[in-house]
Amino acid sequence: MDSNRLCRYTLQFCLSIQIVLGLDKVTLLNPPEEPTSGHPLKVLYSCDKTATVWLECIVSFDTGAMSTLTLGHWTCVPGKAKIKVVRLGFPDWLVYRADGIVPDVQWVLSAVLRVSVGYSGLDDRHRSVLVQDVATLQPVPSLSRPRKQHPLCPAWSAEMLLLAHKTWKSQCPLEKETVHLLSSMYASTGENFGITKVLGVYGDKGLEYLRLKAVAFPWCMFSIWVFVIRHCQQSMCGVFHHIDSHENYFTPALFLTSSGKLHVQMNGESGDSSAFLCPFQVPLNQWCNFNVALRGRAVTVSMKCTDDKKRHIVHSSDHTFRHPVTLDDTDGYFVIGGGKYVRGLEGFYGPLVYYRNRIPQYSTSDVAVPEIIENVNLMGWLQACQEFRLDLNVKITGYSLKARKEAESERCVDAYYNWMVKDTRPLNLSCEPWEETFPRKQKAAKLAKFLVFKHGGREVTLASVGKALYASSLRKLSKASRFGELKKILPLLLQADCLGNNEALHLSASLYNTGLGVKRQPIKAWLLTLLAAQKDSRLALLRLGYLHQQGDLDFPPDTDLAYAYYANIAKQTTVDRQKQSAQQTFVESIYLNNEEVLELQTNENHHIFQWLSLQARNGAAEAEQAIGRMLFWGQQGVSPDIQKAVRHYERGATRLRDPVAMYDYAIVLMQGHGVEKDIPRAVAFLKKAMEQGFSPAINALGWYYEQFEKDYERAVQLWEQADLHGSPDAAMNLGVMYSQGLYPGKAADQSMAYKYYLKSAQRGHVSGAVHLADLWTTGIPGHVERRPSDAVLWAKWAAEHNGYLGKVLRRALDSYLESDMLMSFLFYVMAAESGFVAAQFNVAYLCEQNLGDLLDPDFAVHCMKKYYNLTIQSQTPDTYALIRMGDLLYEVQKDLFSAAHMYKKAALGHNAQGWHNLGFLVEEGYRLPLSVLIELGLSELYLADSNVLVTTLYTRCRDSEGTDSYLPCALSLFSVYWQSFQKDYIPTIKLSSTLAVVVAAPPVVIIVLSLLRGRGLSPH
């Protein structure tokens, strides 16, 4: 056996030792967040035998190169765990700014601090690693690093380098004095929802000095575009306003009154506010640009509007306040639209620009409409829809008159007359002038006529015709065999859109955005979604929130705008869940590749439901609970039926004395859901459930004392007791008590309310998440920092519990179970475009399966890439999606680096396929990146021998959870062993057989078996 082979087996044996030893341990106790010289790093370590502790930093550069820096090493003696303090000494080029002496190196992408315990081999390359710990350091950009203080008397050459670098000017990103508070469009429902924006101080000292100087004498301008559909239904609605840190209105505040005039309000140094009313009126259904220019005490408000014929309306109003106006734009926050204290207007908001330190020149006559408003063409759509609605209204009126005449003529005519005269005269088949219609509008006219005659001549609403058009479209879709037929059905959907059907709007938008059966038009899809969202369509609000969270349509992500949409549907979800209807269903995240969950789907006639019903009748409390839950919320495919659910609750509460049933029955009694209200009986059942220690009942009793008895002390006592048992409702209620100042003996405390809201949200309470997100949007000065990104995540999570989304998901799943793949795909696309992860996965899965060849192959591949990619961007990505995304990167794009990272994430998610695919890449000759090995818990020594690495990967695949992976992984592992055996020993066996076949055969067999057993000890 040659020395190289001996060295390799020695390496393999040393790597395998780390599985056995359990006393070796090393941990970085306080790693720094970024490379900092002199940081006192504490390292906890212990070892089973005398070993060496190595402290290293692995740096990667933008060129793809990597460098391992040794920061220190020391001897580990067996015994108790010890803590060693090491003063970190990073190289200057990683810590300080380049200045001539400190060299300017390549751009650092990442830095990993690693400590390991091991034994030294023949050299450092063959060092065996027993255990290790790593910490990621965040490299500081070069120009943001501090300058190094060099010795007072440097050498002449060093001094010249320092002088040369002092003359260099580093280019930093410019700070914008012009702030685009809104660059997109926002659909406002006219409720207390809007966009919150917070401005920070300037980083540049000169600009910050000018800003502070202008606080007492502001010289700035706000410019906003607005499209008003209806004047304010209250005294005032918000256009945009400023709230200070004390939750008071601050300069500036612009409102729209019920008469359509602008109310302008400013604040002075003493805190007093003054306001004036502009004399002009804001027109409806036109884009208008409001400019508010502040010049100290003087304020100029101008309005420039344009209609569908490009005609301009220009008005202006000047006002001088008696007191000095103050504006500190870093105090508090700005609100576009509605907020806590005022409703927004019904319509749309366009771009809002804030000129912080100047007033630009602008013309009072010319109207330069922003490009985004021109591209969307909202007025063009509304004008076309208005013509269609007027034409259809004329037809409905004509059909109503015609139907009533026919009804009256048939009341008092004898049968002989009908037989002899009416039935024998020639028919007049000519149509009235108002009955003429274009071919594309004939379906709408026929439906309108049918509905009018069905209702005996009573005029029907345009909304009912739109609903009928949408239903007709779905019937045609269910009969379609391929998606290419969608082109014929799309006109019906667009007509239903014009008639105000939100479901049709959202489906049309989904088709245009995906290009499914039609030409892809993302701008038109956005327009239709905006129209649906303005009418309070839950799915459209969800879609727009997701769009602006991710960034699309050439716009960067805008978390504040995304939160405005998510908060709207999230807050309404808490109300919608109390209003059960046929349009809502409990939201369930069901993945189509999960056969076990699919088998649990049932209905009233299914054997699972029937079996549960039998168990419930036989006194099984859990079956009674399950049946009641399914019927009340409409879960697992069962249609909601509150009355039946209540009967199951009552039976479980009275006959079985089940605390869960007693609680559920008490709640419906208290709220009158499916049964007549009976508060005393509800309280009696709650007390019985409380006696059995059921924490939701304790919380509900607290709610009773707070709502009905006004006994806040008893209510708080019960809620604190339930909170100790982990009740999310109790934590939520305590948060409200602290927030509103109702906690007995304590003043309002928003920071305490925040703590309880956080606790409630983390326990899964929707309202708690809504309140938490609301606080994170603005923050609590001095207590809670503003966290807009986290606010968006919580608001999205709460919004995705909305029952209208659940209805679409249920229709998609039911269609899938009925093998109607086309309708299933459409409904899943509607939910997927709203950002629901399970729906995105299911769309990709359906594209992958492509049953019945519904999709064009190229479209199917594009669909898989898009939706699997969206799926893996979630906080907890599905490992199957990671595997399939890795396969697409490997097979289609030949991107082995990204594919390896996908497989790594799947492997870390306990998916055996991830380990197997990584092994396959190594077998194909691909060298896994060091970062992948580190995250998998493998040292860089595995890179020295690909055979050892692939053996380790397949071994982990074989030993991972799940029996399905054992056989294929074991076969792959055996194949590696066999290939290695053939490569190393077949030539030797052939040579030996030519010399002495009979004599040598037994020893060879023994050697081979022993070597195979030795390879079985390959490291995990």
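Each value, and the rule that gives it
- Residues numbered from 1 in each chain as written.
- Predicted model: local features only at pLDDT ≥ 70, side-chain atom pairs only at ≥ 80, totals over all residues.
- Heavy atoms only, no water.
- Axes fitted to C-alpha atoms, helices over the stretch in contact; angles between N-to-C directions.
- Helix = DSSP H or I, 4+ residues; strand = E, 2+ residues; numbered from the N terminus.
- Parallel < 35°, antiparallel > 145°, perpendicular 65-115°, else oblique.
- Left-handed = near helix turned anticlockwise from the far one by under 90°.
- Contact = heavy atoms within 4.5 Å.
- Nonpolar A, V, L, I, M, F, W, Y, C, P; charged D, E, K, R; others polar.
- 1 Å grid on protein atoms, 1.4 Å probe; cavity = no way out; pocket = protein on both sides within 12 Å on 5 of 7 lines; lining within 4 Å.
- Points joined across faces, edges and corners; volume = space filled by probe spheres on them.
- Phe/Tyr/Trp six-rings, centres within 6.5 Å; stacked < 30°, edge-to-face > 60°.
- Lys NZ or Arg CZ within 6 Å of the ring centre and 35° of its normal.
- Pairing = 2+ DSSP bridges.
- Core = buried A, V, L, I, M, F, W, Y, C linked by side-chain atoms within 4.5 Å.
- Buried < 20%, exposed > 50% of the residue type's maximum accessible area, 1.4 Å probe, protein only.
- Salt bridge = Lys/Arg side-chain N within 4 Å of Asp/Glu carboxyl O.
- Disulfide = S-S within 2.5 Å.

**Looking at the packing of helix H33 (residues 912-923) against helix H35 (residues 946-959)**
Between two packed helices, what matters for the description is the angle formed by their axes and the separation of those axes. The geometry of H33 relative to H35 is characterised by a closest axis approach of 8 Å and an angle of 160° between their N-to-C directions. What the angle tells us is that H33 and H35 run roughly antiparallel. In the packing of H33 onto H35, the handedness of the crossing is left-handed. Of H35, the residues touching H33 (which contributes Ala 912, Trp 915, His 916, Leu 918, Gly 919, Phe 920, Val 922 and Glu 923) are Ser 946, Leu 949, Val 950, Leu 953, Tyr 954, Arg 956 and Cys 957. Classifying every residue of the contact of H33 with H35 gives 10 nonpolar, three polar and two charged.

**Some remarks on empty space enclosed by the protein**
Counting across every chain of the model gives six cavities of 30 Å³ or more. In this model, the largest cavity occupies a volume close to 150 Å³. Taken together, 15 residues line the largest cavity, and the ones lying closest to its centre are Arg 577, Thr 585, Phe 586, Trp 633 and Gly 803. Classifying every residue of the lining of the largest cavity by side-chain character gives five nonpolar, seven polar and three charged. As a volume, the second largest cavity reaches approximately 90 Å³. Taken together, 14 residues line the second largest cavity, and the ones lying closest to its centre are Glu 588, Ile 590, Leu 809, Arg 810 and Leu 813. Going through the elements one at a time, helix H27 (803-817) and helix H29 (837-849) are the ones with two or more residues in the lining of the second largest cavity. Across the lining of the second largest cavity, the residue classes break down as nine nonpolar, three polar and two charged.

**Let's talk about the packing of aromatic side chains**
Tallying each qualifying case throughout the model produces 30 aromatic pairs. An aromatic cluster is present here, built from Tyr 591, Phe 841, Tyr 845, Tyr 868 and Tyr 880 joined pairwise through their rings. Residue placement shows Lys 84 over the ring face of Trp 74; its charged tip is 5.4 Å from the ring centre. We note Arg 356 situated over the ring of Tyr 202; from NZ or CZ to the ring centre the distance is 4.4 Å.

**Notes on the sheet that holds strand S4 (residues 66-76)**
Here four strands make up an open sheet; going across it, the order is S4-S3-S6-S7 and the pairing antiparallel. Each of the sheet's edge strands pairs with one partner strand only, and the pair in question is S4 and strand S7 (128-137). Sheet twist, expressed as the average angle between the axes of neighbouring strands with direction ignored, equals 20°. Sheet topology note: the strand S3 (residues 51-61)/strand S6 (residues 108-119) ladder contains 10 bridges and is antiparallel.

**A few points about the layout of surface pockets**
Taken as a whole, the largest pocket encloses approximately 1,500 Å³ of empty space. Only helix H17 (621-633), helix H19 (659-671), helix H21 (695-709), helix H23 (728-739) and helix H25 (766-778) provide two or more residues apiece to the lining of the largest pocket. Split into classes, the residues belonging to the lining of the largest pocket amount to 20 nonpolar, 18 polar and five charged.

**Some thoughts on the nonpolar core**
Formed by 265 residues in total, the largest nonpolar core has its most connected members in Val 239, Leu 262, Phe 290 and Phe 825. In terms of residue count, helix H28 (residues 821-832) provides more of this core than any other element does, 11 residues in total. In this structure, Phe 290 is in contact with Phe 222, Ser 223, Ile 224, Val 226, Val 239, Leu 254, Leu 262, Val 282, Ser 302 and Met 303, ignoring residues within four places of it in sequence. Counting 31 residues, the second-largest nonpolar core is a separate cluster that includes Leu 71, Phe 90, Val 102 and Ala 135.

**Let's talk about the pattern of salt bridges**
Proximity of charged atoms lets side chains of opposite charge pair with each other. Going through the model one piece at a time under the given rule, you end up with 29 salt bridges. For Arg 538, the salt bridge identified is with Asp 576, shortest N-O distance 2.9 Å. With a gap of 38 residues between them, Arg 538 in helix H13 (residues 538-550) and Asp 576 in helix H14 (residues 559-576) connect regions that are remote in the sequence. Take Arg 538 and Asp 576: they sit in the same class, and that class is buried. Residue Arg 763 is joined to Asp 723 by a salt bridge in which the shortest nitrogen-to-oxygen separation is 2.8 Å. With Arg 763 in the loop between helix H24 (750-762) and H25 and Asp 723 in helix H22 (residues 712-724), the pair connects residues that are 40 residues apart, well separated along the chain. Residue classification places Arg 763 among the partly exposed positions, given a relative accessible area of 30%. Linked by salt bridges that have partners in common, Glu 208, Arg 211, Asp 328, Asp 329 and Arg 356 make up one network.

**Some words on the state of the cysteines**
Applying the stated criterion across every chain yields a total of six disulfides. Between Cys 385 and Cys 498 runs a disulfide, and the two sulfur atoms are separated by 2.0 Å. Its torsion about the S-S bond being -65°, the disulfide of Cys 385 and Cys 498 is classed as left-handed. Of this pair, Cys 385 sits in helix H6 (residues 378-409) while Cys 498 sits in helix H10 (residues 486-498); the two residues are 113 residues apart in sequence, bridging distant segments of the chain. For the pair Cys 385 and Cys 498, one class covers both residues: buried. Shown here for the chain is a disulfide pattern of 1-2, 3-4, 5-6, 7-8, 9-10, 11-12, where each number marks a bonded cysteine counted in sequence order.

**A closer look at the pairing of strand S11 (residues 219-230)**
Counting buried residues along S11, nine of its 12 residues qualify, which places the element largely inside the surrounding structure. Both S11 and strand S16 (residues 287-295) contribute to a ladder of nine bridges, which runs antiparallel. Across the sheet, the residue bridging to Ser 223 is Asn 291, located in S16. Relative to strand S20 (residues 346-355), S11 runs antiparallel, the two sharing eight bridges. Each residue of the ladder has a partner; that of Met 221, found in S20, is Tyr 355.

That's the geometry; what it means functionally is another story.
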